[in-house]
Amino acid sequence: MDLLAQQLINGLFIGSVYGLFAVGYTLVFGVLDILNLAHAAVFTLGGLLALWLVETAGLSLWLAFPASVLACGVLGLILDRVAFAPLRQRADSNFSGLISSIAMAIIFESAALGLFGARTVRFPAHTVSVHIWRWGGISITSLQVEIVAVALLLMVGLTQFLNRARAGKAIRAVAENDRTARLLGIHVDGIIAFTFFISSALGGAAGILFGLYFDSLSPDMGRSIELKGLAVIILGGMGSIPGAIIGGLAFGLSEVLTVAITGTSNLRDAVAFTVLFAVLILRPSGIFGRRKMREA
Amino acid sequence: MEALGQFFAIYGSLVNFIGINALLALSLYLTLAAGQLSLGSAAFAAIGGYTAGILTMKCGFPFLLSVAIGSILSGLVGLVIGLPVLRLRGVFLAIATLSFGEVVRIIVLNLDITGGAQGLVGIPNLTKTWGIYLTLALAGYSIARLRRSRAGWCFESIREDETAAAAMGINTTYYKTLAFTLGALLAGLAGGLYAHLNYIITPREFGFSVAVDLLIYNIVGGVRCWYGPMLGAFLLTALPEILRGTGVAAGPVRMAANGLILLLVILFLPNGLVSVFTRPGRPQAGLPPAAVAEEV
């Protein structure tokens, strides 16, 4: 029983990182209807850059974290300017946008490879001090709590921002209909660039938390979370922020439960993708999706 | 003649790979020609490859029969998967086929008969270079013929506007499934040839990144005519060798070159490299969607 409870808690911890990653993914999709496949590469660069700042530049993690997150936001701006803005007027912009995001993903990943090397690295041992709390057979580390706290804080902050702030409302207006938004005097291109900034910053933050949680970073660490992130946003409904958060948690739980039930980790991803496949066939709008299926 | 022999001694395997990649790119082209973005071609190649390999090795079937059965099985799976999945559009279809591909990869990774992560080892080398290129020529010819047939025009009208095609009385489900199944058949065939080329196949050779590579071949070459994907496969498979010849260091730079080429093509040559060779005055088989685009 304790083992199961421990697994469930672990699932929630890793699920919160998945959620944070997916929120950035789904934000761009909600606004532009474009799947940004470079998101995972930004995630990787975020983690590796934070590590470099801690290890080589000697910053504390509390400084390196925001610095790296900001840098990732700037990557998002570059992404928008280079890969998406030039295609925006094109009729097949969701298709060509997908392709150019793949191109940027390859370029970013090769940059990660060139700048930080191909080896698997980790944060130095005393980057964060770790306490371990135990209740019965369950143990939780302070690092896990901090990761969840940061992830939740960012996700709740984003939700509040989108609901309350003027810029957040403008993002939602552009997501609803960019023409109307433009008529209402919203600077649409600026808002889209800003959306990319937020999305990529959140992706970078997820990368740092992921690296801390698993205690390993590598240039290809984005590959697996890329597919998981897709699963999460489909599960939660494309473009839905709460859907991405809850989808992330559910995905984290499903992973650990599969391992707990089958006793091996081999089938972990198979179950997740079978569920994803089933959701797409049975309810393509996802659990929280309110939109109808879009025309291609 | 001697020079030719020397060339083959050095580049023989590269020439074979180009042929196989061109076949796989054509299999994806079949689905793209009907406007359906699939990321499952690599999985169909895996089905064909593993089936053919197992039949030759463990059941002692003759080479041609094994490859044919693998191809047909892959086509059947394509039919069964295609029917429910092709109701989805655009990005959703891409994600559904992608999750199908992941499930296939994980199944192959966990079965005993496929050799798990080590791969299927000891497949006799029966595929010859002329065999690959004969298949490629036949496939290219059939596809060029198909384009001018009733089915070809139906594919094209579905790609341009599915709703309008349906309104014209075209059975869109039938033709989309046909394109998908033919694509799976060809991918299975290429997989079978590939399996008998290298002594060994592993699940890694049929993953997500391979599916993305096939998409890249199509985009870089151009999906407006049948030789575009072949051109893309040829250029991008040969590119690492060409770069090696010009003394570019391994790893990140070559990877970045791939990404950069893809980015430049999608930004400046949306119809791929073949559009450089076709005279602008002559209307191509597939008129670009620009004419349709204006109304959006």
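In case you missed it, the structure is sitting above this.
Residues numbered from 1 in each chain as written. Chains lettered and ligands numbered in written order. Predicted model: local features only at pLDDT ≥ 70, side-chain atom pairs only at ≥ 80, totals over all residues.

Undergrad: Would you take a moment to explain the interface of chain A and chain B for this structure?
TA: The figure often quoted for interface size is the accessible area lost as the parts come together. Listed by partner, the interface residues are 38 residues for chain A and 35 residues for chain B. Going through the elements one at a time, helix 4 (93–116), helix 9 (222–236) and helix 11 (268–282) of chain A are the ones with two or more residues in the side of chain A that touches chain B. In the side of chain A that touches chain B, the residues fall into 26 nonpolar, seven polar and five charged. (Contact = placed C-beta atoms within 7 Å. Helix = DSSP H or I, 4+ residues; strand = E, 2+ residues; numbered from the N terminus. Nonpolar A, V, L, I, M, F, W, Y, C, P; charged D, E, K, R; others polar.)

Undergrad: Whenever I open this one, the pairing of strand 1 (residues 132–135) of chain A confuses me. Can you help?
TA: Every regular strand shows the same layout, with side chains that alternate between the two sheet faces. Residue and element names in this part refer to chain A. Two strands pair when backbone bridges link them, and strand 1 and strand 2 (residues 138–141) are joined in this way by four bridges, in the antiparallel orientation. Residue pairing in the sheet places I132 in a bridge with T141 of strand 2. Counting the residues that bridge the hairpin from strand 1 to strand 2 gives two residues, and of these G136 lies at a positive phi of roughly 55°. (Pairing = 2+ DSSP bridges.)

Undergrad: Even after reading the chapter, I still don't get the environment of M104 of chain A, so can you show me in this structure?
TA: Its location among the elements puts M104 of chain A in helix 4. Judged by the 25 C-beta atoms lying within 10 Å of it, M104 of chain A falls in the buried class. C-alpha separation for the pair M104 of chain A and V259 of chain A, spaced 155 residues apart in sequence, amounts to 34 Å. If near-sequence neighbours (up to four positions away) are discounted, M104 of chain A is found in contact with A38, L79, V82 and A83 of chain A together with L263 of chain B. (Buried ≥ 20, exposed ≤ 12 C-beta atoms within 10 Å, placed from the backbone.)

Undergrad: Help me out: how do you make sense of the packing of helix 9 (residues 208–221) of chain B against helix 11 (residues 252–268) of chain B in this one?
TA: Describing two packed helices takes the angle between their axes plus the distance from one axis to the other. All names here are of chain B. The interhelical angle for the contact between helix 9 and helix 11, taken along N-to-C directions, is 45°, at an axis separation of 9 Å. Taken together, the axes of helix 9 and helix 11 lie oblique to each other. Considering only the axes of helix 9 and helix 11, their crossing is left-handed. From helix 9, I216, I219 and V220 reach across to helix 11, where they touch I261, L262, V265 and I266. Residues that form the contact of helix 9 with helix 11 fall into these classes: seven nonpolar, no polar and no charged. (Axes fitted to C-alpha atoms, helices over the stretch in contact; angles between N-to-C directions. Parallel < 35°, antiparallel > 145°, perpendicular 65-115°, else oblique. Left-handed = near helix turned anticlockwise from the far one by under 90°.)

Undergrad: Is there a simple way to think about unusual backbone geometry in this case?
TA: Trans is the common state for peptide bonds, and a negative phi is the common state for residues other than glycine. Even without glycine at this site, D215 of chain A takes up a positive phi of about 55°. Of note, D215 of chain A is situated in the loop between helix 8 (188–214) and helix 9. What makes D215 of chain A exposed here is the crowd of 10 C-beta atoms within 10 Å. The backbone phi angle of Y199 of chain B is positive, close to 75°, even though this residue is not glycine. By the element assignment, Y199 of chain B lies in the loop between helix 8 (172–195) and strand 2 (200–201).

Undergrad: Can you walk me through the nonpolar core in this structure?
TA: One recurring pattern in soluble globular proteins is that nonpolar side chains are buried together. Judged by nonpolar contacts, the single largest core of 186 residues is most densely connected at L20 of chain A together with L262 of chain B. The element best represented in this core is helix 1 (residues 2–32) of chain A, accounting for 14 residues. Each residue touching L20 of chain A, except ones within four places of it in the same chain, is listed here: A151, L154, M155, L202, A205, A206 and L209 of chain A. (Core = buried A, V, L, I, M, F, W, Y, C linked by C-beta atoms within 7 Å.)

Undergrad: Whenever I open this one, helix 3 (residues 61–84) of chain A confuses me. Can you help?
TA: Since the α-helix advances by 3.6 residues per turn, residues separated by three or four positions end up pointing in the same direction. When the terminal C-alpha atoms of helix 3 of chain A are compared, their 32 Å separation across 24 residues agrees well with the 34 Å that a helix rising 1.5 Å per residue should span. Looking at helix 3 of chain A, one finds that the buried residues are A64, F65, S68, V69, C72, G73, L75, G76, L79, D80, A83 and F84 of chain A. On its buried face, helix 3 of chain A sits against helix 2 (39–55), helix 4 and helix 8 of chain A together with helix 11 of chain B. (Expected span 1.5 Å × (residues − 1).)

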